[in-house]
Amino acid sequence: MPADGDFQEHLSASLKEMKKGPESGACPLAALGNLVESNPDDNSRNGASVKDKDVLSSPGELENIQLKPSKETSRKKLCGYLNKLGIKGPIKTWKSRWFFYDENKCHLLYYRTAQDINPLGSIELSSASFDCKMENGEGIFEIRTPSRAFTLKAISKQAMMYWLQQLQMRRWEFCNTKSRFPVGSSQLVNEPLAGRTNVVDNDDFLPLVKTPTEAVGLKAASLPAPQTSTALQNISLKHPWTEIQNTVYNICGSKQLWGNNENVFSFDEFQEHPSNLDEEQEAEVEAGCAVKEGTLEDGRMESRLNWIRKARWTNSVFPGSHEELSRERNPMDKVSVLQQQILTLTEEVKSQKELVKLLHKALEAAQQEKRVSSMYLTAAEDKDRLELVRHKVRQIADLTSRLEALEQEKKELEQILTLRDSHIQELKEHVQLLMEKNHAKQEVIMALTEQMARELSDPLQEDNTVTAETLYKQQEEIEHLKDDIDAYKTQNQFLNSEIHQVTRLWTSAAENEKALLMKCACLQARNCQMESKYLTVLRKLQEAVPGLPSSHAELVKNLIQESLQWDVKEEAEEGFNLNPVSEYDEYGFMTVPDYEIEDWKLLAKIQALEIKSNKLRSQEIVEKPLRDRWNSIGELNPSAELKSLIRSGIPVEHRQRVWRWIVSRHCSRLPDHYQRLLQQSRSTEHPACRQIELDLPRTLTNNKHFSSPTSQLIPKLRRVLLAFSWHNPAIGYCQGLNRLAAVALLVLEDEESAFWCLVHIVENLMPADYYSDTLITSQVDQRVFKDFLSEKLPRLMAHFEQYQIDVSLITFNWFLVAFVDSLVSDILLQVWDAFLYEGTKVIFRYALAIFKYNEEEILRIHDSVEIYQYLRFFTRMIVDGRKLMNIAFNDLNPFPMKLLRNRRSMHREELEAELCELEQIKAAYVKERAEQGPQDPKEVASEEEEEI
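For clarity, every value in this text was computed on a predicted model and none was experimentally measured.

As a further point, take the overall build of the protein. Scanning the protein from terminus to terminus reveals 36 helices and seven strands. When the 948 residues of the protein are sorted by exposure, 40% land in the buried category. Contacts in the protein between residues far apart in sequence, at least 24 positions, make up 71% of those at least 6 positions apart. When the accessible surface of the protein is split by element, carbon and sulfur atoms take 53% of a total near 55000 Å².

This structure, assessed with the given rule, holds 21 aromatic pairs. Plain terms: the ring middles of phenylalanine 785 and phenylalanine 851 are 6.0 Å apart, the flat faces sit at 40° to each other, and that makes the pair tilted. Here phenylalanine 785, found in helix α27 (residues 776-792), pairs with phenylalanine 851, found in helix α31 (residues 841-853); they are 66 residues apart in sequence, far enough to count as distant. Note on accessibility: phenylalanine 785 and phenylalanine 851 belong to one class, buried.

Next up on the list: the pairing of strand β7 (residues 149-153). For strand β6 (residues 140-144) and β7, the ladder comprises five bridges, and the chain directions are antiparallel. Counted as the bridge partner of arginine 144 is alanine 149 from β7. What sits between β6 and β7 in their antiparallel hairpin is a turn of four residues.

The next point concerns the pattern of salt bridges. Throughout the structure, instances matching the rule amount to 23 salt bridges. A salt bridge links arginine 908 to glutamate 912; its shortest N-O distance comes to 3.2 Å. Of the two residues, arginine 908 and glutamate 912 both sit in helix α35 (residues 897-932), four residues apart, roughly one turn of that helix. When its relative accessible area of 26% is taken as the criterion, arginine 908 is described as partly exposed. Linked through salt bridges whose partners overlap, the residues forming this network are Asp131, Glu142 and Arg144.

Our next topic: unusual backbone geometry. Cis geometry is found at the peptide bond from asparagine 893 to proline 894, where omega equals 0°. Its place among the elements puts proline 894 in the loop between α34 (881-891) and α35. Positioned with a positive phi, glutamine 804 is a non-glycine residue whose angle comes to about 55°. When you line up the elements, glutamine 804 lands in the loop between α28 (794-802) and α29 (808-817). We classify glutamine 804 as exposed; its relative accessible area is 69%.

Looking now at a nonpolar patch on the surface. Together, Tyr376, Leu377, Leu386, Val389 and Val393 line one region of the surface with nonpolar side chains, adding up to about 440 Å² of accessible area. Ranked by the residues each element gives to the nonpolar patch, the list is headed by helix α15 (residues 382-457), at three residues. Structurally, tyrosine 376 is set in helix α14 (residues 331-378). Overall, the relative accessible area of 34% leaves tyrosine 376 in the partly exposed class.

So, about the nonpolar core. Buried together is how nonpolar side chains tend to be arranged in soluble globular proteins. Counting 118 residues, the largest nonpolar core has Trp630, Leu737, Tyr771, Phe800, Phe819, Phe851 and Leu871 as the members making the most contacts within it. Here this core gets ten residues from one element, more than from any other, and that element is helix α25 (residues 737-748). For this core, the two domains that each supply at least three residues are domain 2 (650-765) and domain 3 (769-822 + 841-928). Leave out the neighbours within four places in its chain, and tyrosine 771 touches Ile731, Cys734, Leu737, Leu740, Val762, Met766 and Leu816. Phe99, Cys106, Leu125 and Leu152 belong to the second-largest nonpolar core, a separate cluster that totals 30 residues.

The subject of this paragraph is a negative patch on the surface. A surface patch of negative charge is lined by Glu476, Glu479, Asp483, Asp484 and Asp486. With respect to the element layout, aspartate 486 can be found in helix α16 (residues 468-543). According to the relative accessible area criterion, aspartate 486 is partly exposed, its value standing at 43%.

The subject of this paragraph is the side chain of lysine 841. Looking at the element boundaries, lysine 841 is found in helix α31. Buried charge lysine 841 goes without a salt bridge, the closest partner of opposite sign being glutamate 838 at 4.8 Å. The residues contacting lysine 841, other than those within four sequence positions of it, are Phe895, Met897 and Leu900.

This part covers the environment of leucine 836. Examined against the element boundaries, leucine 836 turns out to sit in helix α30 (residues 825-838). In the structure, leucine 836 is positioned 76 residues away from histidine 760 in sequence and 8.4 Å away in space, judged by C-alpha atoms. Filtering out sequence-adjacent residues up to four positions away, leucine 836 remains in contact with Trp659, Ile662, Cys757, His760, Ile761 and Leu765.

Below, the discussion takes up the side chain of threonine 699. In this fold, threonine 699 is placed in the loop between α23 (689-695) and α24 (713-727). In this view, threonine 699 contacts Phe706, Leu717, Asn738, Arg739 and Ala742; residues no more than four positions away in its chain are not counted.

Look at helix α20 (residues 640-648) against α30: their axes get within 7 Å of each other, and the N-to-C directions meet at 145°. Along its contact with α20, which presents Leu642, Lys643, Ile646, Arg647 and Ser648, the element α30 presents Gln830, Asp833, Ala834, Tyr837 and Glu838. Its residues placed into classes, the contact of α20 with α30 shows four nonpolar, two polar and four charged.

What counts and how
- Residues numbered from 1 in each chain as written.
- Predicted model: local features only at pLDDT ≥ 70, side-chain atom pairs only at ≥ 80, totals over all residues.
- Heavy atoms only, no water.
- Helix = DSSP H or I, 4+ residues; strand = E, 2+ residues; numbered from the N terminus.
- Buried < 20%, exposed > 50% of the residue type's maximum accessible area, 1.4 Å probe, protein only.
- Contact = heavy atoms within 4.5 Å.
- Areas by Shrake-Rupley, 256 points an atom, 1.4 Å probe, with all protein chains shown as cover.
- Phe/Tyr/Trp six-rings, centres within 6.5 Å; stacked < 30°, edge-to-face > 60°.
- Pairing = 2+ DSSP bridges.
- Salt bridge = Lys/Arg side-chain N within 4 Å of Asp/Glu carboxyl O.
- Patch = residues over 30% accessible without salt bridge, like charges linked within 9 Å, V, L, I, M, F, W, Y side chains within 5 Å.
- Core = buried A, V, L, I, M, F, W, Y, C linked by side-chain atoms within 4.5 Å.
- Domains from an automatic or database assignment.
- Lys, Arg positive; Asp, Glu negative; His and termini not counted.
- Charge placed at Lys NZ, Arg CZ, Asp CG, Glu CD.
- Axes fitted to C-alpha atoms, helices over the stretch in contact; angles between N-to-C directions.
- Nonpolar A, V, L, I, M, F, W, Y, C, P; charged D, E, K, R; others polar.

So this is what it looks like as structure tokens:
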């Protein structure tokens with residue numbers, strides 16, 4: 001049948017491939033050398049080299065051929081037989097596997113036998129953890145990788161502890177050498193890693209375990225593989241092609257032993273050199289594949305190596321046959337031994353036949369697929385091809401439905417697994433309780449033992465002593481408990497070492513990740529700066545569009561349109577983004593202003609990029625150290641350090657606590673005072689109620705908590721303003737108080753706390769009459785500010801006077817509402833932090849700092865209309881709060897409060913005198929109008945009549 005032909009072709013191809021082994025230096029019969037020794041590159045790297053003149057010297061030297069020892073002692077390879085728990089559906093079986101550790105990749109490879117050339121699989125140890133549980137049985141341990149858990153079993157407890165300790169050591173060495181950054185990386189990345197990778201931990205949680213030579217290493221490789229109940233049970237059905245390759249490889253090796261008219265069971269050479277067999281085998285194993293057969297020019301050397309391979313092959317396939325044949329000289333004994341070997345080979349052939357049957361089925365399925373494809377290609381009409389395609393579509397639909405069913409089953413199994421994990425956690429807790437009970441029982445046993453010893457030592461109480469049998473049972477139980485204690489101590493030592501090493505690896509990975517994130521943040525900040533500069537150039541070109549040619553103007557418009565279509569919020573969807581600029585910040589303020597004017601939309605885009613760049617640059621350098629300093633502060637007390645921290649800005653997680661503390665220091669809360677005010681506002685309507693209702697929809701329109709009439713904070717703001725209007729009847733309500741109360745609500749969240757914060761601002765921080773009907777103190781502060789502006793920024797003030805700019809038209813609202821709706825939210829709250837703690841002097845400092853921040857830009861404008869237009873929005877372009885804070889509190893010093901009080905009193909007197917003069921003029925005018933008497937309406941001609 002076709003399937004058999006294809007299989008024979010595959011088999012012949014495999015034979016050809018395996019026969020190339022000796023030519024390429026693969027050492028087909030020295031499979032053990034391939035498994036326990038590293039590749040030639042590793043040998044050369046470790047310092048071991050074999051020269052031709054050392055290999056091919058003379059027949060006498062060939063008798064004692066050995067590799068030259070390296071200058072440094074070569075490290076022993078980690079290999080040996082372990083039982084691996086395999087899962088066949090619901091059935092779990094132990095399978096014997098040969099394990100070998102690959103130092104280059106930090107992988108633990110496993111084979112069916114030590115003579116196989118291709119591994120059945122591997123376990124990645126670089127990200128794995130190890131665990132051993134004494135309750136699972138002696139010698140059983142687990143290797144957990146992110147994708148799978150492997151359960152292994154050693155022949156003894158000592159072998160298990162040796163494997164675990166060696167795997168731990170080699171995993172640490174691999175991770176320690178591979179986790180360093182390449183040469184040439186930036187200093188920003190390398191600085192956090194300095195002095196980390198060469199850390200050597202001297203804490204010995206677990207003493208060094210002695211090597212069990214009978215279970216691990218080269219001698220274990222020469223021993224026969226542990227036998228299972230059936231030959232087929234140890235075959236890996238998941239890797240049939242690997243099994244075939246290994247089997248063909250072994251068959252090729254046996255054919256070479258039988259070829260050239262030699263008898264594989266002729267042991268003349270073996271009898272001649274019985275004492276040197278183990279040494280020569282070990283020498284060849286240690287050499288591995290470093291000595292290629294192509295370099296053997298002397299036939300005697302080749303025959304010598306062939307003899308070594310024959311001895312190993314016969315020893316691995318027929319364990320004990322050499323000793324039996326050499327020991328039994330009579331023909332009958334030799335025949336019996338040979339018959340037993342024939343039976344062993346027969347069993348092996350049977351297992352291989354079953355494997356071939358499985359492969360026949362796979363080949364038949366492939367042939368069926370091939371025939372269907374041939375039918376499709378040879379179909380004469382399109383109808384036949386269409387029918388074949390429809391049949392395939394139906395098959396695909398069927399497979400899709402099966403896949404969906406399997407996906408559903410997978411989800412159910414994941415849910416079951418979650419439940420089982422919770423059950424396992426409960427069982428662990430139960431085990432902990434049992435261990436505690438066991439400890440208590442051990443103490444009781446010790447107490448009873450001491451009591452028993454005392455009673456036995458007293459001859460007067462012989463009648464009350466327990467029998468010898470009972471005492472023996474108790475002593476036996478005590479011995480068992482001591483063994484359990486020793487086992488748990490060993491387990492605890494290993495788990496402590498595992499936790500310690502995994503923690504070190506995790507710390508190293510976390511620091512590497514932190515350094516990479518810092519570097520990525522710097523690169524993103526730089527990218528944002530470049531994009532901002534590009535948009536700034538586009539904005540300058542936008543202003544110059546009327547003077548450009550039509551083609552250039554059209555190009556500029558297209559570029560601006562493309563830049564506006566890209567949204568900062570979509571950056572998170574396009575790829576990796578460390579700190580995406582969301583639409584709203586922590587308090588609900590819009591991060592990107594929504595300008596209605598079309599020409600300002602590009603300005604909003606520039607501002608968004610500047611905000612993102614500033615956040616990325618200051619995150620690790622400024623914000624993290626500041627947050628650490630705030631975390632170290634316990635109880636709040638007035639001090640110079642606290643003042644400096646508050647000026648630098650309060651982190652979000654601490655701002656509410658600090659604001660409550662500041663308000664409580666200056667305002668003594670009256671019990672139930674706020675509730676009484678609310679009750680009064682519900683029973684009696686305040687005269688300012690209508691004005692409050694008009695101002696509520698216009699409060700913080702750029703904040704999502706106040707942008708809608710149905711927002712949750714709108715009713716709270718209404719109640720706070722009504723309560724304040726009843727609390728302070730002299731002021732009642734003034735436009736601007738709604739914004740102050742809204743900011744207090746956003747930070748403090750509680751209505752009553754926001755009410756007392758508003759009281760603190762109006763009655764303690766601001767001077768009297770600041771929010772009165774005349775706003776006289778507010779006008780005084782504008783005159784004081786002009787004086788400071790002339791002193792601190794004389795060039796800018798002269799520029800304003802030259803173009804007749806009245807800065808009070810811009811700054812009056814800054815002072816009235818403490819920069820609300822003028823600065824971006826981050827800088828606004830930073831200003832409020834210092835304002836609540838220090839008072840109105842902070843407003844003067846920041847107002848001057850804002851003008852100094854943009855002084856050069858303003859001086860470049862030489863038109864009064866353009867200056868006013870720039871002053872309308874230039875505060876929203878300030879994104880570097882750290883720079884603004886340094887200007888306010890460092891560059892503008894000295895700024896004594898005494899000078900501010902003197903200027904206020906002086907300008908207040910002048911303003912009151914001016915107001916008194918205005919009142920006199922008004923009174924004289926009213927008196928004059930009254931003396932003239934009322935005019936006749938008919939004599940007063942309207943403008944329309946005059947035009948007619």
